[in-house]
Amino acid sequence: MSLKHKVIGSLYRSIVKPVAFQFDAEKVHDAFTAIGESLEGFLPIVRAIFATNDEGMEREVLGIKFKNPVGLAAGFDYNGHLAEIMSSIGFGFNTVGTVTAKPYAGNPLPRLKRLPKSKSLFVNKGFKSEGAEAIAKRLDKKQLDGHTVGVSVGSSNVPEVNTISKAIEDYSATFNIFKDKKYASYFELNISCPNTNMPESFQDLKNFDLLIREVAKLKIDQPIFVKMPNEIDIEKSNSLVRMAITHGIRGFIFSNLAKDRTNICLDKDELASVANLKGNFSGKPTERSGNILLRKTRKTFGKDVALIGCGGVFNTEDAKAKFDTGADLVQLITGMVYMGPQITGKINSELSCKTS
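The text that follows walks through the structure, step by step, so that each part is easy to find.

Basis of the calculations
- Residues numbered from 1 in each chain as written.
- Predicted model: local features only at pLDDT ≥ 70, side-chain atom pairs only at ≥ 80, totals over all residues.
- Heavy atoms only, no water.
- Helix = DSSP H or I, 4+ residues; strand = E, 2+ residues; numbered from the N terminus.
- Rg over C-alpha atoms; globule rule 2.2 N^0.38 Å.
- Buried < 20%, exposed > 50% of the residue type's maximum accessible area, 1.4 Å probe, protein only.
- Contact = heavy atoms within 4.5 Å.
- Arc of directions from axis to C-beta.
- Pairing = 2+ DSSP bridges.
- Right-handed = clockwise from strand over helix to strand, strands pointing away.
- Core = buried A, V, L, I, M, F, W, Y, C linked by side-chain atoms within 4.5 Å.
- Axes fitted to C-alpha atoms, helices over the stretch in contact; angles between N-to-C directions.

**Let's talk about the overall build of the chain**
- Broken down by element type, the chain carries 13 helices and 13 strands.
- The C-alpha atoms of the chain give a radius of gyration of 19 Å, which matches the 21 Å a tight globule of 356 residues would have.
- If you line up the chain on its principal axes, its C-alpha atoms span 50 × 45 × 40 Å.
- Within the chain, the fraction of its 356 residues that count as buried is 58%.
- Look at the contacts in the chain between residues 6 or more apart in sequence, and 75% of them connect residues 24 or more apart.

**Describing helix α3 (residues 43-50)**
- Of all the positions in α3, only L43, V46 and F50 are classed as buried. An end-on view of α3 places all buried positions within 60 degrees of arc, on one side of the element. Projecting away from the buried face of α3 at angles above 90 degrees are the exposed residues P44, I45 and A48.

**Things to note about the pairing of strand β8 (residues 184-190)**
- By the criterion of burial, β8 is predominantly enclosed, with 7 of the 7 residues buried.
- In terms of strand pairing, strand β7 (residues 149-153) meets β8 through 5 bridges, oriented parallel. Paired with S152 across the strands is E188, a residue of β8.
- With respect to chirality, the unit in which β7 leads through helix α6 (residues 164-178) into the neighbouring parallel β8 is right-handed.
- Judged from the 4 bridges that link them, β8 and strand β9 (residues 224-228) form a sheet pairing that is parallel. Bridging across to β9, F187 finds its partner in I224.

**Some points on helix α5 (residues 132-140)**
- Residues of α5 that are buried: A132, I135, A136 and L139. End-on view of α5: buried residues confined to an arc of 100 degrees, all on one side of the axis. Away from the buried face of α5 by more than 90 degrees, exposed residues E133 and K137 are located.
- Against β4 (93-99) and α6 lie the buried residues of α5.

**Overview of the sheet that holds strand β11 (residues 280-281)**
- If you walk across this open sheet you meet the 3 strands as β5-β6-β11, and the pairing is antiparallel. Every other strand in the sheet has two partners, leaving β5 (112-115) and β11 as the edge strands with one partner each.
- Two elements, β5 and strand β6 (residues 120-123), share 4 bridges in a ladder whose sense is antiparallel. Its bridge partner being in β6, L112 is matched across the sheet by V123.

**Examining the nonpolar core**
- Among the nonpolar cores identified, the biggest contains 50 residues, and F178, F187, L189, F208 and F252 are the most heavily contacted of them.
- Top contributing element to this core by residue count: α6, with 6 residues.
- Apart from residues no more than four positions distant in its own chain, F208 is found in contact with L189, I191, F202, V226, L240, M243 and A244.
- In terms of nonpolar packing, the next biggest core, distinct from the first, is built from 42 residues, L43, I85, L257 and M336 among them.

**With respect to the sheet that holds strand β3 (residues 70-72)**
- In spatial order, the strands read β3-β4-β7-β8-β9-β10-β12-β13; together these 8 strands close into a barrel with parallel pairing. The mean inter-strand angle of the sheet, taken between neighbouring strand axes irrespective of direction, is 30 degrees.
- Relative to strand β10 (residues 251-254), β9 runs parallel, the two being bridged by 4 bridges. If you follow K227 over to β10, its bridge partner there is I253.
- Along the sheet face, helix α10 (residues 284-301) touches β10 and β12 (306-310) and points at about 170 degrees away from the line of β12.

The following block contains the structure:
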């Protein structure tokens, strides 16, 4: 670990986090988002403080170049405010969204709670989004040349989008807004958000087939990664992967949030504190299942697929475990919330040492 990452991490965990954790999690998130966007005029300084510059960490996956293999997952920068700065923080790539065609203010409060003993966040945002057009206008104004930025696409969580056909039209509308944007290096197709109100699911093979057939008609040049569910039978997962490959989609992310409240990673007292709330869990509760799905998917499909490991990355060993199971890249959010914004630079620095 470099000295700068050690110092920043110590300061964050001993001073910043104890203060921030005294306040509502979503309000703190919004405050940090505003602070991050305000630093866009100081990116060289931010980069010097946080990032690790090592050309040996570069990766190429599905024809896209990534400065390093550690990315920001969808669900943090859902309206694109931080798209320009995340590379300077040290991320090799960062996903905006999930973006929906129509704006949605989010599910009823509380939408975000910290579960520190569980190393998890309780999440119920439900595709909170300013809408695709507003987000695209914001990203159009940012300096994103040389950045690897992705857009996660979901269907709008609003009452009028209440059938599979309407949801497919909604997905298509967002793809059409972003597919010709030069800054959109890749897309994520989110079929697995557990916090939306659609009566049917795109995890159903028939519905998924309808969706990706329509997506294929859009002639999207960028690679697409399907955001897969966490708690899914491997045979059903394999069927979804196989179907996607048939339609030219080769990227998959394992995985989204965990729903099972009997998960052994969940602290009983923290679980009791959200017993009457709707929502699901990020971080460590997703890790074991996600890693199993990564390993089995790689074993089944080999080099026919590109895999991103997401969920439970708090340190270099966690990231390495996902690479060892077959991931080409990893993503995180919760680890940064608990460990500090230096986490990506620290992981890349330590990975570089291990491979040099």
